[in-house]
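Inside the fold
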Amino acid sequence: MQINVNTDRTITNRQGLDEHVEGVVRGAIDRFNDHITSVEVHLSNENREKGADGGNSCMMEARVRGYQPIVVHEHSDDLRQSIKNAGGKLARALDSAIGRLQDKNKHDAVPVIDPLADKHLTDS
């Protein structure tokens, strides 16, 4: 599973931020490793331009084999908290989506049974 961390110009990519994000993502969704090809993480601070604290945003998009991408968003005053919360949301969303995908693959088509096949009707 490949993890890409993207930041906009409002986030200073401090030492260890990429490693922190990768650790959170792997810790949250590593059990789905066989189903996921990549995860894109986008970090931004919506209020930095205004000189206010807060407004840290984390968006995670997981690419799942055989399924549409799963996207979650989280906002928090603390960037690390928004990353952690987004990781939890992504784990729950993947659990639901992959469960549905596996259930879909388990169910076979129900055979159509002729209702008169069991009746032994005679012409006498």
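Turning next to the pattern of salt bridges. Applying the stated criterion to the full structure yields three salt bridges. Between R63 and E61 there is a salt bridge, with the nearest N and O atoms lying 3.0 Å from each other. Judged by relative accessible area, E61 falls into the buried class, the value being 15%. The partner of K89 in a salt bridge is E74, with the nearest N and O atoms 2.8 Å apart. Placement of K89 in helix α2 (residues 79–106) and of E74 in strand β4 (residues 70–76) is noted, with a sequence separation of 15 residues between them. The exposure class of K89 is partly exposed, given its relative accessible area of 31%.

For helix α1 (residues 17–29), built from 13 residues, the straight-helix expectation of 18 Å at 1.5 Å per residue is met to within 8% by its first-to-last C-alpha distance of 18 Å. All of the buried residues along α1 are L17, V21, V24, V25 and I29. In a view along the axis of α1, the buried residues occupy a sector of 100°, so they form one face of it. Residues of α1 that are exposed and point more than 90 degrees away from the buried face comprise E19 and G27.

Once that is clear, we can look at the pairing of strand β1 (residues 2–7). Where β1 lies against strand β2 (residues 36–45), six bridges are found, and the strand directions are parallel. Each residue of the ladder has a partner; that of I3, found in β2, is V39. For the handedness criterion, the β-α-β arrangement of β1, α1 and β2 is classed as left-handed.

Within a regular strand, side chains alternate between the sheet's two faces. A large share of β2 lies buried, amounting to seven of its 10 residues. Where β2 meets strand β3 (residues 56–64), nine bridges bridge the pair, whose relative direction is antiparallel. Bridge pairing links I36 to V64 in β3.

Following the sequence through the fold, D34 ends up in the loop between α1 and β2. Residue D34 is classed as exposed on the basis of its relative accessible area, which comes to 67%. Counting along the chain gives 30 residues from D34 to V64, while the straight-line C-alpha distance between them is 9.1 Å.

Turning our eyes to something else, we now look at the sheet that holds β4. Spatial ordering of the open sheet is given by β1-β2-β3-β4, a layout of four strands whose pairing is mixed. In this open sheet, the two strands that pair with only one neighbour each are β1 and β4. Strand-to-strand twist in this sheet, taken as the mean axis angle between neighbours without regard to direction, amounts to 15°. Contacts from α1 reach β1, β2 and β3, with the element oriented near 130° to β2.

The rules behind the values
- Residues numbered from 1 in each chain as written.
- Predicted model: local features only at pLDDT ≥ 70, side-chain atom pairs only at ≥ 80, totals over all residues.
- Heavy atoms only, no water.
- Salt bridge = Lys/Arg side-chain N within 4 Å of Asp/Glu carboxyl O.
- Buried < 20%, exposed > 50% of the residue type's maximum accessible area, 1.4 Å probe, protein only.
- Helix = DSSP H or I, 4+ residues; strand = E, 2+ residues; numbered from the N terminus.
- Expected span 1.5 Å × (residues − 1).
- Arc of directions from axis to C-beta.
- Pairing = 2+ DSSP bridges.
- Right-handed = clockwise from strand over helix to strand, strands pointing away.
- Axes fitted to C-alpha atoms, helices over the stretch in contact; angles between N-to-C directions.
- Contact = heavy atoms within 4.5 Å.

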